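Geometric and topological summary
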Amino acid sequence: MTGAAGGEWRGWREATEEALYGPLGFYRRPEGPAGHFRTSVHASPLFAEAVARLLCRVDETLGHPSELAFVDMAAGRGELVTGVLKALPADVASRARGYAIERATRPSDLHHRIEWLQEPPKGVTGLLFANEWLDNVPVDIAQVDPDGVRRLVLVRRDGTERLGDPVEGADAEWLDRWWPLPAEGPSEGPSEGPYEGPYEGLRAEIGRPRDAAWASAVASVGRGLAVAVDYAHTAGARPPFGTLTGFRAGRETAPVPDGSCDITAHVALDACALPGARLLAQRDALRALGVSSGRPPLTLATTDPAAYVRALARAGEAAELTAPGGLGDFGWLLQPVGVPDAQLP
Ligand SMILES: C[S@@+](CC[C@H](N)C(=O)[O-])C[C@H]1O[C@@H](n2cnc3c(N)ncnc32)[C@H](O)[C@@H]1O
């Protein structure tokens, strides 16, 4: 199917796949994700230190295995795995093995101890951690037309959209289960839920590829814990018009699938969850892992001014990582594999 100047009409999933990961895709660029936006990993070393403490808890739960894996899933430029390995106590570090799983090429300055792979290693014992991965797993989008029918949104390379065929099959089932939109009916307001406007124009991001991607990552862990951290929403509080967004050079922008910007949509983490999973907010997870935004005591300013300034800076970074309306609202999906989750946050 072709459009005029803007190119071929495609679903958002296919268009995003090429725009992010194709030969000229956004994530093939040398500057990496950090060149365009700040994740928790870039916001502060406190994040990697907290993940290192989580890895120590997993180590404890696993009974201190001779080899303890840390798998940084969708590693960007390997910043998290680098920070985690650095923050481990010596007795754990000596048994730890770091993996960075990325579609982009290995940065030349990455520590030689870190293995750089395209797929997670199979059957590892340890912790797989996916920070801001699933929001970049491309999804199709459904939109309700004037007759109340859910149709696939088609897009051209220049970002122009139009509606395509009705959503059917497994995608329709996913919507029914996780993100219901009216399938048929008049263009009037829904009778239930927080949204009270007309049906027409309501949108949903069809998270099925993310559920599959997460299930496959979890299946790669032999024993231990898998954690997905992302912008998230859960059933009953889905955004009525979806969350598809672009990012370029630190700014939010219109999502245009031409390789010039990141294309991201918040994650239905409850749909990704497998049996035994737990979902909590980043602020609660990080607090349970010892990240505190409490200010240091003023007396420290007189006894050790340099330590006071350092502690104040750390409190500011902790506040950013746990901020309401910001990183603190991110969801942490904890998926224990073959271990009890009692000792985890
Ligand atoms: C938003 S960045 C997050 C980077 C890093 N985790 C962080 O928090 O700073 C998303 C990364 O996921 C990578 N990615 C997406 N799908 C992937 C896959 N199936 N396997 C490995 N990496 C993937 C992209 O190349 C990109 O570097």
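What you see as residue numbers is a count from 1 along each chain, following the sequence as written. Only residues with pLDDT of 70 or above have their local features reported here, since the model is predicted, and side-chain atom pairs are shown and tallied only from 80 upward, although totals for entire chains, interfaces and linings are computed over all residues. Side-chain calculation: all heavy atoms of the structure are included, whereas hydrogens and water are not.

Focus: the sheet that holds strand β5 (residues 124-131)
For two strands to be treated as a pair, DSSP must find no fewer than two bridges joining them. We count a stretch as a helix when DSSP gives it H or I for four or more residues in a row; a strand needs E for two or more, and each element gets its number in order from the N terminus. Spatial ordering of the open sheet is given by β4-β3-β2-β5-β10-β15-β14, a layout of seven strands whose pairing is mixed. Only two strands of the sheet have a single partner each, and these edge strands are β4 (115-117) and β14 (278-281). For this sheet the average axis-to-axis angle between neighbouring strands, irrespective of direction, equals 20°. Direction of pairing for β14 relative to strand β15 (residues 331-337): antiparallel, over a ladder of four bridges. Bridging from a neighbouring strand, Leu279 pairs with Leu333 of β15. On top of the sheet, helix α3 (residues 45-61) reaches β2 (68-73), β5, β10 (221-230) and β15; it is set at about 155° to β5, its chief contact. Between N-to-C directions, angles cover 0 to 180 degrees, with each direction set by a line fitted to C-alpha atoms, over the stretch in contact for helices. Residues count as neighbours in contact if any of their non-hydrogen atoms are within 4.5 Å of one another.

Description of the side chain of Thr245
Among the secondary structure elements, Thr245 is positioned in strand β11 (residues 245-248). On the basis of relative accessible area, Thr245 is assigned to the buried category, the value being 13%. The definition of a polar contact used here is a pair of N or O atoms within 3.5 Å, where within protein one atom must be able to donate a hydrogen and the other to accept one, and adjacent residues in sequence count solely through side-chain atom pairs. At 2.7 Å, the side chain of Thr245 and the backbone oxygen of Thr243 are in polar contact. Remark: exposure states derive from per-residue accessible area (1.4 Å probe, protein chains only) relative to the maximum for the residue type, with buried under 20%, exposed over 50%, and partly exposed in between.

Let's talk about the pairing of β10
The element β10 is extensively covered by neighbouring structure, given that eight of its 10 residues are classed as buried. The pairing of β5 with β10 spans eight bridges and is parallel. Each residue of the ladder has a partner; that of Phe129, found in β10, is Val227. Of the pairings in the sheet, the one linking β10 to β15 comprises seven bridges and is antiparallel in character. Paired with Ala228 across the bridge in β15 is Leu333.

Quick notes on the nonpolar core
We define a nonpolar core as any set of buried Ala, Val, Leu, Ile, Met, Phe, Trp, Tyr and Cys residues linked to one another through side-chain atoms lying within 4.5 Å. Ranked by internal contacts, the top residues of the largest apolar core, which has 44 residues, are Phe47, Phe70, Leu80, Leu127, Phe129, Val227 and Trp332. In terms of residue count, the dominant contributor to this core is α3 (nine residues). Leaving out residues up to four positions away in the same chain, Phe47 has contacts with Ser40, Val41, Leu80, Phe129, Asn131, Gln282, Leu286, Leu321 and Trp332. One finds Val124, Ala130, Leu134 and Val218 within the second-largest nonpolar core, a separate group that totals 23 residues.

Considering the site of the ligand
Around the ligand sit 17 residues in total, of which Tyr21, Thr39, Ala74, Glu102 and Asn131 are the nearest. Here Ala74 contributes a backbone N or O atom positioned 2.6 Å from a nitrogen atom of the ligand. Between the ligand and Trp133, the relevant distance is 3.2 Å, taken from a nitrogen atom to a side-chain nitrogen or oxygen of the residue. Computed with the Shrake-Rupley method and a 1.4 Å probe, the accessible areas treat only the protein chains shown as cover for residues. For the ligand, whose unbound accessible area comes to 600 Å², protein coverage reaches 93%. Class assignment for the residues of the shell around the ligand results in nine nonpolar, five polar and three charged. The near set for a molecule or strand comprises every residue that places at least one heavy atom within 4 Å of it. Charged means Asp, Glu, Lys or Arg here, nonpolar means Ala, Val, Leu, Ile, Met, Phe, Trp, Tyr, Cys or Pro, and polar covers whatever is left, Gly included.

A word on the sheet that holds strand β12 (residues 251-253)
Here we have three strands laid out as an open sheet, ordered β12-β11-β13, and antiparallel in their pairing. The open sheet terminates on both sides in strands that have one partner only, identified here as β12 and β13 (262-264). Each strand axis lies, on average, 35° off the axis of its neighbour in the sheet, ignoring direction. One ladder, built from three bridges, connects β11 with β13; its direction is antiparallel. Following the sheet pairing, Thr245 is matched in β13 by Thr264.

Some points on the side chain of Thr243
Of note, Thr243 is situated in the loop between β10 and β11. At 2.8 Å, the side chain of Thr243 and the backbone nitrogen of His266 are in polar contact. Residues contacting Thr243, with those up to four places away along its chain left out, are Glu205, Thr264, Ala265 and His266.

Some points on the pattern of salt bridges
Pairs can form between side chains of opposite charge whenever their charged atoms are close. Salt bridge, as applied in this entry: a Lys or Arg side-chain nitrogen positioned within 4 Å of an Asp or Glu carboxyl oxygen. Within the structure shown, the criterion is met by 14 salt bridges. The partner of Arg150 in a salt bridge is Asp176, and the shortest N-O contact between them spans 2.8 Å. Of the two residues, Arg150 sits in strand β7 (residues 150-155) while Asp176 sits in helix α6 (residues 169-178), which places them 26 residues apart along the sequence. Looking at Asp176, the relative accessible area reads 48%, which means it is partly exposed. For Asp270, the salt bridge goes to Arg238, with nearest N and O atoms at 3.1 Å. Of this pair, Asp270 sits in helix α8 (residues 269-272) while Arg238 is found in the loop between β10 and β11, placing the two residues 32 residues apart along the sequence. With a relative accessible area of 16%, Asp270 lands in the buried category. Classification of Arg238 as buried rests on a relative accessible area of 12%. Residues participating in the shared-partner salt-bridge network are Glu67, Arg97 and Glu115.

Observations concerning the domain arrangement of the protein
Along its sequence, the protein is carved into domain 1 (10-19 + 140-185 + 192-205) and domain 2 (31-137 + 208-231 + 266-293 + 322-337). The C-alpha-based centres of domain 1 and domain 2 are spaced at 31 Å. Counting residues at the interface gives seven residues for domain 1, matched by eight residues for domain 2. In total, about 700 Å² of surface goes out of reach between domain 1 and domain 2, with carbon and sulfur atoms giving 51% of it. By the criterion of area lost to domain 2, the three top residues of domain 1 are Arg13, Trp174 and Trp178, representing 58% of everything that side buries. Across the contact surface, domain 1 and domain 2 share two salt bridges. In this structure, Arg208 and Asp171 form a salt bridge, with 2.7 Å as the shortest nitrogen-oxygen distance. For the interface between domain 1 and domain 2, the tally reads three residue pairs in polar contact (both at pLDDT 80 or more). Mapped onto the side of domain 1 that touches domain 2, the elements with two or more residues apiece are α1 (12-21) and α6. A total of four residues in the side of domain 1 that touches domain 2 trace back to one element, the largest contributor, which is α6. Each residue belonging to the side of domain 1 that touches domain 2 can be placed in one class, and the counts come to three nonpolar, no polar and four charged. What marks off one domain from the next here is an automatic or database domain assignment. Buried area: the accessible surface (1.4 Å probe) lost by two parts on joining, summed over both.

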